[in-house]
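Summary of structural features
As a plain string of letters, each chain reads:
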Amino acid sequence: QVQLVESGGGSVQAGGSLRLLCVGSGRTFSNYAMGWFRQAPGKEREFVSAMTWNGGYTNYADSVRGRFAISRDNAKNTVYLQMNSLKPEDTAVYYCAADTNYRAAVAGTVRSFEVWGQGTLVTVSS
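As the structure is a prediction and not an experimental result, all values here were calculated from the model.

1. Focus: the environment of valine 5
By the secondary structure assignment, valine 5 is in strand E1 (residues 4-7). Relative accessible area serves as the criterion here: at 49%, valine 5 is assigned to the partly exposed category. Spatially, the C-alpha atom of valine 5 lies 8.7 Å from that of tryptophan 116, the residues being 111 residues apart in sequence.

In structure tokens form, the structure reads like this:
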């Protein structure tokens, strides 16, 4: 089973950009559908974006479509989340997730992903 470690979080002003990284261990990383979720204080974890193992299908939450972009480099066991035009409401802990079933990327739900990272904090100030 792959293990995931996120990085790239930090503090930024509204309108700024950040790029999150998620590095997976193990030689089977390319077999996994990958997703990004976030959880703001006092709120439930919510879907942000996901993609299939080869990037052939991508999925975005309405709240981030057009501002965020998910990508992956299987040779580096890494998935990225480029976040542009950040808003204060994007403030949250961002989690990387993985699952061997491609349907997880389509469903975009917390319960559809099996493996989770520890999270990285993104703070957007107005």
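2. Here's the deal with unusual backbone geometry
The phi dihedral of asparagine 77 is positive, around 55°, even though this residue is not glycine. For asparagine 77, the location among the structural elements is in the loop between strand E7 (68-73) and strand E8 (78-83). Positive phi values are uncommon outside glycine, yet serine 85 reaches one of about 50°. Locating serine 85 in the fold gives a position in the loop between E8 and strand E9 (92-99).

About the thresholds
- Residues numbered from 1 in each chain as written.
- Predicted model: local features only at pLDDT ≥ 70, side-chain atom pairs only at ≥ 80, totals over all residues.
- Heavy atoms only, no water.
- Helix = DSSP H or I, 4+ residues; strand = E, 2+ residues; numbered from the N terminus.
- Buried < 20%, exposed > 50% of the residue type's maximum accessible area, 1.4 Å probe, protein only.

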